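Understanding the architecture of this molecule
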Amino acid sequence: MAAPAGWASLCEKFRSSLSLSNVESKKDPENEPYRSKYGARELLEEIRQLLGSEEAAEAEGAPAGEAAALRAVRLAVVEYELGVNHTETEELSAGEEHLLKCTRLLERHRLSRDCVSLYIQAQNNLGILWSERGEIKTAQTYLESAEALYNQYMKENGNPPLDSNEHFMAEEEKLTDQERSKRFEKAYTHTLYYLAQVYQHLEMIEKAAQYCHTTLKRQLEYSGYYPVEWALNAATLSQYYLTKQCFMESRHCLAAANVIFSQAGQVPSSEDNETEQDQQDLRQRKAEIARCWIKYCLTLLQSARKSLEDNIGELDPDRQSELKAQRKKEEDEKEKGRKKAVLFGTSDLCDSILATEEKVSCVCPLDFQEAREVFLVGQNYVHEAKEFFQFDGYVTDHIEIVQDHSALFKVLAFFEEDYERRCKMHKRRIDMLEPMYVDLNPQYYLLISRQLQFELADTYYEMMDLKVAIGNRLEELDSHTIKKINSLAQLAVKYYELFLDSLRNPDKIFPEKLEDDVLRPAMVAKFHIARLYGKLITSDGKKQLENMQTSLEYYTFLVDYCEKHPEAVQAIETELELSKEMVGLLPTRMERLKAKLSPFS
């Protein structure tokens, strides 16, 4: 029979191994990163040897059968700790071996209060281990098995099970039921967390989002989370809900992210104890959450535009009135039903989250005033994100944020009825995009350079169209308006041509066949240039003829390209139809103009 002093010594060894592994290892020097882990391993190996002896098997005078079961559970705890230890020191095969020994020792009693928590943790760790090997399906099997075991235990028993460490504690040190429950639920939350990642890897996106949402709710419920990590995960989940047009759920995730992130403290000042790197990391995470908010506001506005635009891309007043009436009827009921499913946190937390939510709508705006409110929230987050992601050091991120800012102005302009004010909004886009394009080296940033060329061209094109519409309302076009229309058209042509030139090979030859990713942009650029030459205003007849000839050449390019490559038709059906029409009409118009000019030539 093992002496009580011997058992106490064994428990002390176990405690020391945990302390080395979880506390001391954080202080290990860089040149010996696993020193404490190896120390913990030695102690665990000693405990395993002692547990294997006959004396230890008859622990504290327990009957033979009970003693064997007790010894098996204690051995399983040691095998589990050794498995985790080897995994953490990057010895995966040895780690797997110990974790499998742990599950084999517990197999018969895995649904008992003594074993269930440890068994689930062992399966969690086997799931992580196989994920690290890239064997996601095997990881899925272990984690789904852990999930099923938790559900079966809660259904058949439900009492808080023992924590694995309690098997090496004196009776008076044992945990309360409340603490046991908390640790058990934490282990199950880990199961769900890892399953969310597995489903993400397997591209089971909807299931991954569902598990991520449940994990986040449980982490708040059981206070088992790091505020910054939790906030980032919630913000990331919001982007999934955006793809599903679930704006209420997306906003709730983002509002929760803001509230929980604030628990990490304000972004520290340089006087605080945090290192400069800690401050930098915190600022970056805050900026990343801000970027998720920008996407939320932008997607909400774009969704509203899609539901309101007519067949030429303008706001349809009848559809607007219809949607306003419909919204009044439906929205209250819809929100009440869905809200129950998504709320995060306790009542106090919920109040803070709801207060954050109230700053921005989750229903599609139906007029300029509503759209402007969403736009302003998005714009505030643009400024916040740009504070961290500056052009120097974060070129790509900075440009993407400015492109989103430009897109916010573009979609807000859709709701603006006054053409002059709309034009000014597009001018704001030019003012933010053009300086970045000038500073960008296309040799290193070709894709971004092309995006900016095309967006600048499109923006000048829209402004030109607006100036033409304004001019059409005048009795007679004045020289200032003509000059403005021509200037905008020429600038649009310049950027479309720069975009098309970027597609040429080193010998400056335009490709015979365009790649799929640039086919539509290139064809749209050609089509718009053709139309722009048709919009140039000049009193010089010869210049008019030249412009018509250039216009015809660009329209003809589209028609000829689609004849040679019929698979391209699908990408540009509308533009092709209009191009064919213009190829038929322009030669006749040019002949008429030539006839008109011939007496004077």
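We now turn to the structure provided with this report. (Residues numbered from 1 in each chain as written. Predicted model: local features only at pLDDT ≥ 70, side-chain atom pairs only at ≥ 80, totals over all residues. Heavy atoms only, no water.)

Our focus in this paragraph is the overall build of the chain. The helix and strand tally for the chain stands at 22 helices and zero strands. Against the globule reference of 25 Å for 601 residues, the chain gives a C-alpha radius of gyration of 34 Å, more extended than a compact globule. Residues counted as buried form 46% of the 601 residues belonging to the chain. Residue pairs at least 24 apart in sequence account for 70% of intrachain contacts in the chain once pairs closer than 6 positions are excluded. For the chain, the accessible surface area stands at approximately 31600 Å², while carbon and sulfur atoms represent 49% of it. Computing the positive centroid from 76 side-chain charges and the negative centroid from 103, the chain places the two 5 Å apart. (Helix = DSSP H or I, 4+ residues; strand = E, 2+ residues; numbered from the N terminus. Rg over C-alpha atoms; globule rule 2.2 N^0.38 Å. Buried < 20%, exposed > 50% of the residue type's maximum accessible area, 1.4 Å probe, protein only. Contact = heavy atoms within 4.5 Å. Areas by Shrake-Rupley, 256 points an atom, 1.4 Å probe, with all protein chains shown as cover. Lys, Arg positive; Asp, Glu negative; His and termini not counted. Charge placed at Lys NZ, Arg CZ, Asp CG, Glu CD.)

Okay, helix α5 (residues 92-106) next. If you check α5, its first and last C-alpha atoms are 21 Å apart, about what 15 residues at 1.5 Å a residue would give, namely 21 Å. Taken residue by residue, α5 has L92, G95, E96, H98, L99, C102, T103 and L106 as its buried positions. On an axial view of α5, the arc spanned by its buried residues comes to 165°, and they lie on one face. In α5, those exposed residues whose orientation departs by more than 90 degrees from the buried face are S93 and R104. (Expected span 1.5 Å × (residues − 1). Arc of directions from axis to C-beta.)

Here we come to the pattern of salt bridges. Scanning the entire structure with this criterion turns up 41 salt bridges. Here R48 and E79 are joined by a salt bridge, their closest N and O atoms 3.1 Å apart. Residue R48 is found in helix α2 (residues 35-51), and its partner E79 is found in helix α4 (residues 64-88); the two are separated by 31 residues along the sequence. Between R110 and E107 there is a salt bridge, with its nearest N and O atoms 3.0 Å apart. By relative accessible area, which is 30% here, R110 ends up partly exposed. (Salt bridge = Lys/Arg side-chain N within 4 Å of Asp/Glu carboxyl O.)

What follows concerns the packing of aromatic side chains. Under the criterion given, the structure shown has 26 aromatic pairs. Between Y153 and F184 the ring centres are 5.7 Å apart and the planes differ by 80°, which places this aromatic pair in the edge-to-face class. In this pair, Y153 is assigned in helix α7 (residues 136-156) and F184 in helix α8 (residues 177-201), connecting sequence segments 31 residues apart. Exposure class is identical for Y153 and F184. Each is buried. Each ring, one from Y461 and one from Y496, has its centre 6.4 Å from the other, and the planes form 75°; the classification is edge-to-face. Here Y461 is found in helix α18 (residues 446-472), whereas its partner Y496 is found in helix α19 (residues 479-501), with 35 residues between them in sequence. Under the relative-accessibility criterion, Y461 is labelled buried at 9%. One aromatic cluster is present, built from ring pairs that chain together Y150, Y153, F184 and Y188. (Phe/Tyr/Trp six-rings, centres within 6.5 Å; stacked < 30°, edge-to-face > 60°.)

As a further point, take a nonpolar patch on the surface. Taken together, the side chains of L474, L477 and I537 make up a nonpolar region of the molecular surface, amounting to roughly 200 Å² of accessible area. With respect to the helices and strands, the residue L477 is situated in the loop between α18 and α19. (Patch = residues over 30% accessible without salt bridge, like charges linked within 9 Å, V, L, I, M, F, W, Y side chains within 5 Å.)

The subject of this paragraph is the environment of K494. Here K494 lies in helix α19. Residue classification places K494 among the partly exposed positions, given a relative accessible area of 42%. When the C-alpha positions of K494 and I470 are compared, they lie 23 Å apart, and in sequence the two are 24 residues distant.

Let's shift gears to the side chain of H167. Relative to the helices and strands, H167 is located in the loop between α7 and α8. In this structure H167 comes out as buried when scored by relative accessible area, which is 6%.

Moving on, we come to the packing of helix α16 (residues 395-415) against α18. Geometry of a packed helix pair, given as the angle between the helix axes and the separation of the axes. Where α16 meets α18, the axes come as close as 12 Å, and the angle between the chain directions of the two elements is 20°. Classed by the angle they form, the pair α16 and α18 counts as roughly parallel. For the pair α16 and α18, the crossing hand works out as left-handed. Counting all contacts with α16, which are made through T396, I399, Q403, S406 and K410, the residues of α18 involved are I448, Q451, L452, E455 and E462. By residue class, the composition of the contact of α16 with α18 is three nonpolar, four polar and three charged. (Axes fitted to C-alpha atoms, helices over the stretch in contact; angles between N-to-C directions. Parallel < 35°, antiparallel > 145°, perpendicular 65-115°, else oblique. Left-handed = near helix turned anticlockwise from the far one by under 90°. Nonpolar A, V, L, I, M, F, W, Y, C, P; charged D, E, K, R; others polar.)

Each α-helix winds once per 3.6 residues, and so residues spaced three or four apart point in a common direction. With 17 residues, helix α10 (residues 227-243) should reach 24 Å at 1.5 Å per residue; the first-to-last C-alpha distance of 25 Å fits that figure. Considered for burial, the residues of α10 that qualify are W230, A231, L232, A234, A235, L237, S238, Y240, Y241 and L242. The inward-facing, buried residues of α10 abut α9 (205-221), α11 (247-261) and α12 (276-308). Backbone geometry just after α10 places Q245 at a positive phi near 60°.

So, about the nonpolar core. Of all hydrophobic cores here, the largest spans 174 residues; its most connected members are F168, Y296, Y496 and L514. Setting aside residues up to four positions removed in sequence, L514 forms contacts with L503, L519, A522, M523 and Y561. (Core = buried A, V, L, I, M, F, W, Y, C linked by side-chain atoms within 4.5 Å.)

Another aspect to go through is unusual backbone geometry. With a phi angle near 60°, E203 is a residue other than glycine that sits in the positive phi range. Here Q245, not a glycine, exhibits a phi torsion of approximately 60°, which is positive. By secondary structure assignment, the location of Q245 is in the loop between α10 and α11. For Q245, a relative accessible area of 42% gives the class partly exposed.

Moving on to the state of the cysteines. The full count for this structure, using the stated rule, is zero disulfides. Just so you know, C246 is unpaired, no disulfide at all, and the nearest cysteine sulfur is the one on C253, 10 Å from it. (Disulfide = S-S within 2.5 Å.)

This brings us to the side chain of Q320. Among the secondary structure elements, Q320 is positioned in helix α13 (residues 317-342). Here Q320 falls in the buried class, since its relative accessible area comes to 17%. With residues near it in sequence (within four places) discarded, Q320 still touches L308, L315, L366 and D367.

What follows deals with the packing of helix α20 (residues 516-535) against helix α21 (residues 541-564). Here α20 crosses α21 at 155°, and the two axes come no closer than 7 Å. With respect to their mutual orientation, α20 and α21 come out roughly antiparallel. Remark: the crossing between α20 and α21 carries left-handed chirality. Two secondary-structure elements touch here, α20 through L519, M523, K526, F527, I529, A530, R531, Y533 and G534 and α21 through N547, T550, S551, Y554, Y555, F557, L558 and Y561. Along the lines of polarity and charge, the residues of the contact of α20 with α21 split into eleven nonpolar, four polar and two charged.

Note that I482 resides in helix α19. According to the relative accessible area criterion, I482 is partly exposed, its value standing at 23%. Between the C-alpha atom of I482 and that of E144, which follows or precedes it by 338 residues, the distance is 70 Å. Excluding residues that lie within four positions of it along the chain, I482 makes contacts with L477 and I537.

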